[in-house]
Amino acid sequence: MNISFMICLLVLSTSEPSRCGAPAYMGETQASVWRKAQDYGMSVEDAELLVGDIWRSATVIHASGLHEHWREQKVDLVPFLVELLEEDGFPRGPRPSSREFSEIDVMRYLARFRDARGNAFLVKRVNKTLQEAVRTEQAVDFLCDLLVVLGTSQGENGLDILFKVQSEEFWKSNEAPEVEAKAIAGVLSKERRRESMIRRIRTSAIDALAISGTQRAVHAFGTGEGISTCFEDSLNEYFRMAVRYYVGVFKSPEHYGNPLPPEKIEQIEAIYQKYGKTYTPEVPDRDEQPSTTPHVRLSAP
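Reading guide: rules and limits
Numbers given for residues are sequential positions, taken from 1 along each chain in its written order. With the structure being a predicted model, the display of local features is reserved for residues of pLDDT at least 70 and the display and counting of side-chain atom pairs for 80 or more, all residues being used for whole-chain, interface and lining totals. Note: side-chain values were computed over all heavy atoms of the structure, leaving out hydrogens and water. What counts as a salt bridge is simple: a side-chain nitrogen of Lys or Arg found within 4 Å of a carboxyl oxygen of Asp or Glu. In DSSP terms, a helix is any run of H or I states spanning at least four residues, a strand is any run of E spanning at least two, and both are numbered starting from the N terminus. Burial classes: relative accessible area under 20% of the type maximum marks a residue as buried, over 50% as exposed, and values in between as partly exposed (1.4 Å probe, protein chains only). Aromatic rings from Phe, Tyr and Trp, with only the six-membered ring used for Trp, were paired whenever their centres fell within 6.5 Å, and each pair was classed as stacked if the ring planes differed by under 30 degrees, edge-to-face if by over 60, and tilted otherwise. A ring is considered to have a charge above it if a Lys NZ or an Arg CZ atom is located within 6 Å of its centre and within 35 degrees of its normal. What we call a nonpolar core is a set of buried Ala, Val, Leu, Ile, Met, Phe, Trp, Tyr and Cys residues that are connected through their side-chain atoms within 4.5 Å. By the convention used here, residues are in contact when the closest approach between their heavy atoms is within 4.5 Å.

1. Overview of the pattern of salt bridges
At step 1: Throughout the structure, instances matching the rule amount to 20 salt bridges.
At step 2: Between Glu132 and Arg92 there is a salt bridge; the shortest N-O distance is 2.9 Å. With a gap of 40 residues between them, Glu132 in the loop between helix H7 (116-130) and helix H8 (137-153) and Arg92 in the loop between helix H5 (78-86) and helix H6 (103-112) connect regions that are remote in the sequence.
At step 3: Where Glu282 meets Arg240, a salt bridge forms, and the shortest distance between an N and an O atom there is 2.8 Å. Here Arg240 lies in helix H13 (residues 235-247) and Glu282 lies in the segment after helix H14 (262-274), a separation of 42 residues in the sequence. For the pair formed by Glu282 and Arg240, the shared burial category is buried.
At step 4: Bridged by salt links that share partners, the residues Glu137, Asp141, Arg193 and Arg200 form one connected network.

2. Considerations on the packing of aromatic side chains
At step 1: As enumerated under the stated definition, the model contains eight aromatic pairs in all.
At step 2: Geometrically, the ring pair formed by Tyr109 and Phe113 is edge-to-face, given 5.3 Å between the ring centres and 90° between the ring planes.
At step 3: Aromatic pair Tyr245 and Phe250: ring centres 5.1 Å apart, planes at 55°, arrangement tilted.
At step 4: Put simply, the rings of Phe239, Tyr272, Tyr275 and Tyr279 pair up and form one aromatic cluster.
At step 5: Seen from the ring of Phe239, Lys277 lies directly overhead, with NZ or CZ sitting 5.3 Å from the centre.

3. Thoughts on the nonpolar core
Taken as a class, soluble globular proteins show a tendency for nonpolar side chains to be buried jointly.
At step 1: Within the largest apolar cluster, 79 residues are counted, with the highest numbers of intra-cluster contacts made by Leu50, Leu81, Met107, Val165, Phe221 and Ile227.
At step 2: Those residues in contact with Ile227, other than ones at most four positions away along the chain, are Phe163, Gln166, Ile206, Leu209, Ala220, Phe221 and Leu235.

Here's what the structure looks like:
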């Protein structure tokens, strides 16, 4: 038997990474990314780091520190990630397991670079999906995830799509996807279920605008301009979310006994004042224990 082949077999039986075989904890899609990253010129260690970054990006909203290494190494990952997605080798639905990647996982990581080339790919992907009929809850889930990816990317063209999809006018136009729903016997009629599916998609577009944390989103929620009237009752909550993301505060660290730095509070209060609103500080949740998990971004994601 060839000695090199025997070495490969030996390594495959361990969890240590090598050029022959991926670490044992990686499933097929993660191992594929790991191998292709090395073909792209990365070291074994960097290929493993990339797999970890993609995994972490998919599980932590606006995680900080994901891209610093690649910036320091002057590695341009955007063309590589776009190529991975164009090869269409990832499952479209939710992540099959913690050992695998879905298409959304990789797109979410791509979105975090906020690069014009990556954003162009994401806009094209969303527009293509909006041309497809929506017949299942799984299709709704996928489209909702795509819209959140657009919000993460912060691209202007992506924001245009989000404003459009949340609007009532879009769903009355020929531009909207065909939504076909089956009745749930004794629970929802066909038409009510269809309305529910559309409502989910529209709400995801609004959520995505808020988590984009862009000045455009802050202004929209602060004034109501461009926001559908059906979301009027939630404007203050979306404004709160958009402002916090804009200044780099994610989730609600105050609920876990972690007060915001004074400079963050000053930034938030200034934005509220600009839009004629009064900022009410978050209060600790008595049921939650103090957390050491950072929710304030100290560097750009």
